[in-house]
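# A closer look at the structure
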Amino acid sequence: MAVLCLLHRAYGDDLMNGIRAGLPGEDIREWPDVRDPADIDICVIFRMQPGFLAPYPNLRLISSTGAGIDHYLSDPSLPRDIPLVRVVDPDSGARMAEYTLCWVLFHHRDVAFFQAAQARGEWAYKQMRSASSVRVGVMGLGHMGASACERLVATGYQVAGWSRGPKSLPGVENFHGPNGFEAFLARTEILVNLLPLTAETKGILCRRTFDAMPRGSVVISAGRGAHLLEADLQAALADGQLRAATIDAFPKEPLPADSPLWTTPNLHITPHCSSTASLETTVGVITGNIRRFRAGEPLLNLVDYSKGY
Ligand code: NDP
């Protein structure tokens, strides 16, 4: 049997070479070098067109090259009886924690205010609050959210988290499910979105959510673009319900040059770079799971089709 790879080019040939080096003895084919589709029992895929997996009658394992898997689940022809694994590891969690802490500090310490004052040549003294008085709320307490919470707690913030079911993390007040959402938002002045994209979370960054937070709150989103209703964000920033936002993922990427978001006041944009797993991590997680699969051992980072993440 053979492994078919359709990879992103961000690493050039290094990812393909790494997978080959990590799996000596495997027959590894790079798409479109399929030869006989019946040979393929494992697919390692970055982003695929709907129906991409349909031609492989002996497919037994699907391996994503990234952490987010919503685009696989949106394919109605995805064979949901075949295990789907994704790439997450402590290093990618640490990178997301750095991104989160960086932007929470940026907004808490009002870096944009001081940058603007400097540009005007103005000595604009401003009293700063201590982290221990700032209430940060993290939506999504999985691999990414838990790492972010750990770093925020260590920095002294008052941290709460919102998850689907109850979850206990050190120093983090837990809210969960739809019933816990309003109370979570009402106590949160810096909201961090680290949710996966599912039917329940699509469009969650909307006017209703912003209005449920204290006036002058901040939103930081490194989830998925479809979490965000762009017009609602612009309106909430314009009328001061939100004082600022940082967005890493957008409905359309790259963000089009003529998007009004580029020039929306108090909106900070990053190009979907909050946590890109390193080449070593990506190779290690993908090849490790393939070795586990061949050995009949339990797979790591398995997606739960019933939950959608
Ligand atoms: P996990 O699957 O490990 O965790 C998901 C978390 O979200 C869980 O805590 C889960 O709750 C919670 N959740 C899911 N649905 C709901 C819901 N309806 N209501 C409340 N909570 C919910 O995911 P990761 O932490 O690994 O990744 C999260 C997302 O981050 C990815 O799906 C991806 O979209 C994004 N990401 C973005 C990157 C970027 O560069 N911008 C990089 C990597 C990831 P429970 O614990 O109860 O199951």
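The following refers to the structure shown. Here the residue index of a chain counts from 1 through its sequence in written order. Confidence filtering applies because this is a predicted model: local features only for residues at pLDDT of at least 70, side-chain atom pairs given and counted only at 80 or more, and all residues used for totals across whole chains, interfaces and linings. With hydrogens and water excluded, all non-hydrogen atoms of the structure serve as input to the side-chain values.

Turning next to helix α3 (residues 90-108). Taking 1.5 Å per residue as the helical rise, α3 with its 19 residues ought to reach 27 Å, and the 26 Å between its terminal C-alpha atoms agrees with that figure. Taken together, the buried positions of α3 are occupied by S92, G93, M96, A97, Y99, T100, L101, W103, V104, F106, H107 and H108. Helix and strand assignments follow DSSP, with helices taken as H or I runs no shorter than four residues and strands as E runs no shorter than two, numbered in order from the N terminus. After α3 finishes, the residue D110 shows a positive phi value of roughly 50°. For a helix, the expected span equals 1.5 Å multiplied by the residue count minus one. For every residue, the accessible area obtained with a 1.4 Å probe (protein chains only) is divided by the maximum for its type, and the residue is called buried under 20%, exposed over 50%, and partly exposed between those limits.

Another aspect to go through is the site of the ligand. Taken together, the neighbourhood of the ligand is formed by 28 residues, with L141, M144, G165, S274 and Y309 sitting nearest. Interatomic distance of 2.9 Å between a side-chain N/O atom of R86 and an oxygen atom of the ligand. At 2.6 Å, a side-chain N or O of Y309 approaches an oxygen atom of the ligand. Under the convention used here, a 1.4 Å probe and the Shrake-Rupley method define accessible areas, while residue burial counts only the protein chains that appear. Out of a free accessible area of 940 Å², the ligand has 91% covered by protein chains. Elements that contribute at least two residues to the shell around the ligand include exactly α5 (143-154) and β7 (158-163). Throughout this entry, Asp, Glu, Lys and Arg are counted as charged residues, while Ala, Val, Leu, Ile, Met, Phe, Trp, Tyr, Cys and Pro are counted as nonpolar. The remaining residues, Gly among them, count as polar. Here the shell around the ligand is built from residues that sort into eleven nonpolar, ten polar and seven charged. The residue makeup of the shell around the ligand includes at least three contributed by each of domain 1 (2-89 + 277-295) and domain 2 (92-269). Working definition: residue near molecule or strand if any one of its non-hydrogen atoms lies within 4 Å of it. Residues adjacent in sequence count toward polar contacts only when both atoms are side-chain atoms; beyond that, a polar contact is any pair of N or O atoms within 3.5 Å, and within protein one must be able to donate a hydrogen and the other to accept it. Each domain's limits were defined by an automated method or a database of domain assignments.

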